[in-house]
Amino acid sequence: MKNTLLTLAFIMLFKLISVAQQTCNTALVITAGINTIAPITGTEVPTQMCATGGSGATAANWYKYTPSQNYSVTITTDFVVNAGVDNRVHVYLGSCGFLACLVGDDDGGTNGLCVVSFNAQAGTDYYIVFDDIYTSAGFQYELIENSINPSQLTFTPTTISTIRGNYKIAVADMNGDYLDDIVSVSDTNIQVHQQDISGTFTISNYTTTDAQYSPSWSMAMGDLNEDGYNDLLYGSGSGVTFMLSANGGTAFNQVSGPEYVFSQRSNMVDINNDGHLDAFVCHDVEPNVYYLNDGTGNLTFYQGGLGDHPNGGNYGSIWVDYNNDNLPDLFIAKCRGGSSTANINEMHRNNGNGTFTDVSVLTGLADPVQTWSSAWNDFDNDGWMDVLVGASSSANGMHKLMHNNGDGTFSNITAGSGFDSYSGMSTEYVSYDFNNDGFADVFTPGYILFNNGNGTFTAETYSMLMGAVGDLNNDGFLDIQNGNTIYFNDGNPNNWITLTVKGTTSNNNGIGARVEIYGAWGKQIRDIRAGVGFRYMGTLNAHFGIGLFNSIDSVVVKWPSGNKDVICNPSINSVLHIEENSAPVATAFFTASATMINQADTIDFTDNSIPCPNEWNWTVNPTSGWNFTSGTTAMSENPSILFNDAGTYVVSLTATNGNGSSLIPFSTAITVQSTVGIAELTQEAIKVFPNPAADLLYIKSDQTISEVRILSLLGEELASSLKRTNNSISLTHLPSGVYFLKIITQDNQINITRFVKQ
Amino acid sequence: MKKVISFSVLGLLLLMFLDACKKDSPEEEPSPVPTTPGNETVTVNLDSVPYTNLSQYRFFTGDMKNNTPNDGVIQYRPASELFTDYAHKKRFVWVPAGMKGTYVADNKIINFPVGTALIKTFYYDNVQPANVTKIIETRVMIRKSTGWIFADYIWSEDQTEATLSVNGSLVSLDWEEAGTPKSTVYRIPSETECLICHKSNSLPIPIGIKPQNLDNDFTYPSGKFNQLQYFISKGILENNLPPNIVSTIDYHDTTQTLKLRLRSYLDTNCGHCHQENSHCDYRPIRLAFSETTDPVNLGQCVTPDDLFDPTLSNVIFPGNYNKSMMYFRLSSTDENNRMPLLGRTIVDEAGLKLLRDYISSISNCTD
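Residues numbered from 1 in each chain as written. Chains lettered and ligands numbered in written order. Predicted model: local features only at pLDDT ≥ 70, side-chain atom pairs only at ≥ 80, totals over all residues. Heavy atoms only, no water.

## Digging into the interface of chain A and chain B
Link 1 in the chain: Contacts between chain A and chain B engage 39 residues on the former and 31 residues on the latter.
Link 2 in the chain: Taking both partners together, chain A and chain B bury about 2800 Å²; carbon and sulfur atoms supply 52% of that area.
Link 3 in the chain: Our enumeration of links across chain A and chain B arrives at 3 salt bridges.
Link 4 in the chain: Asp107(A) is the partner of Lys323(B) in a salt bridge, and the nearest nitrogen-oxygen pair spans 2.6 Å.
Link 5 in the chain: Inspection of the region where chain A meets chain B yields 20 residue pairs in polar contact (both at pLDDT 80 or more).
Link 6 in the chain: Looking at side-chain class alone, the side of chain A that touches chain B contains 13 nonpolar, 19 polar and 7 charged residues. (Contact = heavy atoms within 4.5 Å. Buried area = accessible area lost by both parts, 1.4 Å probe. Salt bridge = Lys/Arg side-chain N within 4 Å of Asp/Glu carboxyl O. Polar contact = N/O pair within 3.5 Å; in protein donor to acceptor, adjacent residues only side chain to side chain. Nonpolar A, V, L, I, M, F, W, Y, C, P; charged D, E, K, R; others polar.)

Here it is as structure tokens:
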């Protein structure tokens with residue numbers, strides 16, 4: 001009897017459980033701990049698969065989990081007791097009938113078992129679904145709640161179902177607003193999800209002629225025809241197609257060469273330093289090929305001179321300025337089986353005149369490790385680009401972290417770096433600062449190796465695989481595209497700056513430019529690159545995190561043309577656009593502690609030039625009768641001058657900043673009175689404003705003004721008038737420029753002030 | 001039987017003659033057959049090959065498009081053939097008169113003498129719209145004293161001549177395969193593409209002409225013979241074969257085990273790159289027939305190097321082809337995913353089914 005009751009109770013229980021978890025609406029509420037899942041018989045099979053493995057399930061069991069506080073949750077079935085079970089789990093957000101995938105897992109555990117982790121928010125319902133695609137037997141699982149590590153970076157996967165095309169491999173700006181767009185390509189179509197400032201996407205489709213070659217191996221983007229819109233390069237296994245923009249980026253014209261190219265990584269870069277963007281394509285089985293651009297998008301094919309191994313082996317080209325000469329050099333990650341030298345990595349130094357020197361051995365980068373791409377960045381912020389040579393196979397050695405010594409050589413610093421114990425392998429390695437802590441990280445499918453800033457890296461697992469990287473919500477934290485899923489970076493309190501650049505003398509995209517930021521932490525650098533990793537095309541913007549520092553002293557862009565732009569004190573947590581040669585040179589300005597003194601008195605001059613002057617040149621006319629004091633010189637920022645002889649002096653300052661010297665000096669007249677028989681003068685207060693002025697210049701004085709004259713910088717008198725009613729002088733007749741205003745008071749005191757007419 | 005013996009005797013005599021020659025001038029290449037106008041014998045002059053036109057070799061007699069072998073040109077066919085978008089193939093070997101190839105190992109290319117030519121014609125039947133047979137190309141490998149060279153001849157539209165091409169090209173094709181319309185853009189390989197598969201330690205080599213692939217019958221004009229024995233009888237192969245040759249089989253032969261069929265299929269379709277000293281030997285699998293006795297070399301329970309898709313967790317996942325990277329690769333037509341890397345743009349449904357059946361038939365790593 002007892003037995004029967006027990007059995008009955010068991011049956012009832014079983015029935016209850018099996019009914020309870022059959023559908024979303026009857027999902028069984030679960031909490032943390034080890035639980036047993038009944039055989040999978042649920043009648044509601046989810047339509048949206050969050051885990052890989054595709055559709056085909058015929059039954060699914062539903063569970064609902066609502067955490068009481070924020071947790072990092074792990075669901076695992078990876079237990080020995082589950083041997084023989086091959087299960088799959090989907091985790092959804094939302095409500096029944098309106099579910100959206102959060103995460104899923106198929107084989108994250110051993111032998112077909114699954115492990116999935118996600119960040120769960122207090123009070124939110126999470127639907128956890130196991131389906132029967134492989135086996136329908138019951139099993140044990142554990143739901144583990146871990147407190148969230150506030151420093152851990154998380155990504156939220158978001159499905160954008162409207163992304164269509166065979167090749168969803170590019171994220172870069174298409175419409176010239178420097179916001180990263182999602183570019184998806186099919187043989188006869190280019191689809192753009194244009195990022196709007198509001199955070200939404202506007203979809204455009206541009207029909208193209210049937211692409212002779214598809215971007216089956218890689219894609220690169222850049223403005224070849226210099227119309228302000230990016231063009232596309234498709235690298236296929238048998239040739240290369242260019243899609244050149246027309247009609248303001250609303251149409252694309254195909255150019256496909258007859259040449260056989262077994263494309264691998266492709267890039268856009270100004271190879272011959274003529275200011276026009278060129279294209280480079282790694283050739284798998286022959287010497288590399290490139291296309292030189294005449295500036296209108298007319299491309300001429302070349303083969304030879306940039307990695308000429310007869311059997312190729314070229315997989316991951318990346319253009320990086322390794323020797324800080326502002327010219328992009330070519331590193332090639334190489335791979336080849338058999339007894340061959342085609343797998344030895346190459347570095348080609350850009351001589352700046354269209355020729356390159358093979359420095360593979362000289363640099364110490366001639367490594368046989370089988371690699372398809374390598375991640376370049378300045379991992380230790382010493383101002384020199386380092387490289388993580390990422391292994392695709394362990395056959396000829398594993399990953400190598402190579403430190404740029406700054407003298408043209410690299411040292412192997414893998415030991416103890418974390419890459420020595422990282423056993424994952426991939427064809428894809430890229431470097432960005434994902435957590436904005438000011439140290440460049442390495443991303444490879446399923447992992448970000450976070451740079452700890454002390455020569456070590458810590459690998460953290462993520463569900464995203466390799467994809468195009470860019471900032472798809474303009475929040476300063478880099479996101480990752482995986483097909484129709486955007487992994488939006490959830491960010492953290494760290495500060496950042498994004499720099500968008502436009503070349504004028506240099507190529508339009510500023511590709512090859514070195515971007516530097518300076519602040520209390522020291523220096524960080526980036527190169528503008530088109531084509532990193534193996535296959536994908538990512539953002540052309542330079543992205544920096546600065547940790548919790550809250551200001552940046554200056555941003556420097558060193559263009560491939562040799563031009564340089566310096567911007568001081570940029571706003572943080574914002575995007576700064578820099579056009580080549582647009583950053584202003586210094587405008588000289590200073591104040592004097594007095595302009596009328598007695599013989600043998602000293603005047604202290606205070607520099608007020610803007611922006612960010614770093615050199616000063618003071619002159620005094622006449623050149624005698626005075627001397628610098630207090631240890632200051634003509635090059636001091638704030639000099640002091642002792643005037644020995646009576647007379648009138650003109651003190652001038654030429655200031656220089658990172659962008660150049662002030663075009664015109666700033667000058668002030670100093671009157672030095674003889675102390676013999678003359679009463680000491682008091683410094684009058686005369687103010688002239690506004691300065692710069694538009695049409696009217698106002699003069700405010702305690703004293704009665706008898707005469708006002710406008711002088712050129714050469715002292716030539718130009719005009720004279722004074723509307724005494726409102727103490728203003730009309731400037732409407734004056735051309736824009738810099739002038740002196742000479743004011744003579746009723747008691748014949750002279751005041752000379754410099755002003756700018758706008 | 002008598003005929004066979006007489007051939008062997010002739011071969012032996014020739015061999016002795018050749019040995020004598022060799023002693024006099026060991027470095028010398030065999031002199032080509034003198035070419036005089038009207039001479040219809042095969043001519044492979046090592047100083048001037050590759051010729052501009054295929055006809056210059058005189059590999060074929062009569063109407064050239066029929067590929068009727070000339071004297072000394074011997075047809076053969078490996079037990080399992082490479083799938084190249086359903087192209088049909090005819091293969092021939094020609095060895096300079098009086099010379100022989102020698103057996104090296106079951107799984108090694110027969111060591112043919114300098115001067116040997118291997119000829120392989122690629123053609124389609126039922127090519128639309130005219131529903132005709134169309135020869136695309138004839139690939140020739142010739143062994144010079146410095147090693148094997150490639151020479152690819154593209155057939156003219158009128159199918160009367162084929163001309164040397166080293167750069168490769170594309171041909172759009174529509175045809176009917178067993179009644180089903182098919183189309184492809186057929187890739188005629190460049191010289192460098194030939195080398196991707198046809199190499200060992202970066203040096204050019206033939207692939208199919210191994211004892212393991214030829215110890216089976218082929219129907220010659222004179223009758224059905226074991227191909228290796230036929231080679232011996234024709235005097236192009238030294239008669240020193242071991243009694244047993246560990247052999248591949250025709251993967252279509254459903255009387256054979258799934259494993260043997262798959263191993264034969266993988267050898268001919270994949271083994272040239274996935275074996276020691278080859279293009280892709282940095283990957284963990286080894287798919288040459290002699291290596292796949294070990295299930296680890298087949299990729300069973302082997303984690304792929306690349307985290308590509310977490311579901312594709314093994315190269316071969318016993319019992320589940322949807323979790324097997326090899327199945328994914330064979331079922332893909334994307335250039336960057338498909339395997340083999342070259343030679344096909346269409347899925348080989350028969351090969352894929354074989355792999356699916358094999359994976360479904362096993363449940364353990366060691367099966």
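This is not the end of the story, as more comes after the structure.
## With respect to the sheet that holds strand E27 (residues 373-377) of chain A
Whenever strands of a sheet pair, they do so through backbone hydrogen bonds, lying parallel or antiparallel.
Residue and element names in this part refer to chain A.
Link 1 in the chain: With antiparallel pairing, the 4 strands of this open sheet are ordered in space as E27-E28-E29-E30. The open sheet terminates on both sides in strands that have one partner only, identified here as E27 and strand E30 (410-412). Going across the sheet, the axis of each strand differs from the next one's by a mean of 25 degrees, ignoring polarity.
Link 2 in the chain: Bridge count between strand E28 (residues 386-390) and strand E29 (residues 400-404): 3 bridges; the pairing is antiparallel. Bridged to Leu-388 within E29 is Leu-401. (Pairing = 2+ DSSP bridges. Helix = DSSP H or I, 4+ residues; strand = E, 2+ residues; numbered from the N terminus. Axes fitted to C-alpha atoms, helices over the stretch in contact; angles between N-to-C directions.)

## Side note on the packing of aromatic side chains
Residue and element names in this part refer to chain B.
Link 1 in the chain: Taken as a whole and assessed by the stated rule, the structure comprises 54 aromatic pairs over all chains.
Link 2 in the chain: Relative to Tyr-265, the ring of Tyr-251 lies with its centre 4.6 Å away and its plane at 85 degrees, an arrangement referred to as edge-to-face. Separated by 14 residues along the polypeptide, Tyr-251 in the loop between helix H4 (227-233) and helix H5 (258-269) and Tyr-265 in helix H5 bring together distant segments of the chain.
Link 3 in the chain: On the accessibility criterion, Tyr-265 (3% relative accessible area) is buried. (Phe/Tyr/Trp six-rings, centres within 6.5 Å; stacked < 30°, edge-to-face > 60°. Buried < 20%, exposed > 50% of the residue type's maximum accessible area, 1.4 Å probe, protein only.)

## Comments concerning the nonpolar core
Link 1 in the chain: Residues Ile190(A), Leu232(A), Trp376(A), Phe434(A) and Leu499(A) are the most contacted members of the largest nonpolar core, which totals 105 residues.
Link 2 in the chain: Here this core gets 5 residues from one element, more than from any other, and that element is strand E11 (residues 167-172) of chain A.
Link 3 in the chain: Once you skip the residues sitting within four places of it in the chain, Ile190(A) turns out to touch Met174(A), Val183(A), Ser184(A), Val185(A), Ser204(A), Asn205(A), Tyr206(A), Thr208(A), Leu232(A), Tyr234(A), Met243(A) and Phe252(A).
Link 4 in the chain: By size, the runner-up hydrophobic cluster in this structure holds 27 residues, among which are Trp148(B), Leu214(B), Phe218(B) and Ile245(B). (Core = buried A, V, L, I, M, F, W, Y, C linked by side-chain atoms within 4.5 Å.)

## Comments concerning the packing of H5(B) against helix H8 (residues 349-361) of chain B
Residues and elements named next belong to chain B.
Link 1 in the chain: Where H5 contacts H8, the axes come no closer than 10 Å and their chain directions differ by 135 degrees. With respect to H8, the axis of H5 lies oblique. Here the hand of the crossing between H5 and H8 comes out left-handed. From H5, Leu-258, Lys-259, Arg-261, Leu-262 and Tyr-265 reach across to H8, where they touch Gly-351, Leu-354, Leu-355, Asp-357, Tyr-358 and Ser-361.
Link 2 in the chain: Across the contact of H5 with H8, the residue classes tally to 6 nonpolar, 2 polar and 3 charged. (Parallel < 35°, antiparallel > 145°, perpendicular 65-115°, else oblique. Left-handed = near helix turned anticlockwise from the far one by under 90°.)

## What to know about unusual backbone geometry
Link 1 in the chain: The amide bond that connects Asn691(A) to the next residue, Pro692(A), takes the cis arrangement and shows omega of 5 degrees.
Link 2 in the chain: When you line up the elements, Pro692(A) lands in the loop between strand E54 (686-689) and strand E55 (696-701).
Link 3 in the chain: Between Gln128(B) and Pro129(B) the backbone carries a cis peptide bond, its omega angle lying at 5 degrees.
Link 4 in the chain: Secondary-structure assignment places Pro129(B) in the loop between strand E5 (117-127) and strand E6 (132-144).
Link 5 in the chain: Here Asn381(A), not a glycine, exhibits a phi torsion of approximately 50 degrees, which is positive.
Link 6 in the chain: Note that Asn381(A) resides in the loop between E27 and E28.
Link 7 in the chain: Taking relative accessible area as the criterion, Asn381(A) reaches 17% and is therefore assigned buried.
Link 8 in the chain: Here Ala178(B), not a glycine, exhibits a phi torsion of approximately 50 degrees, which is positive.

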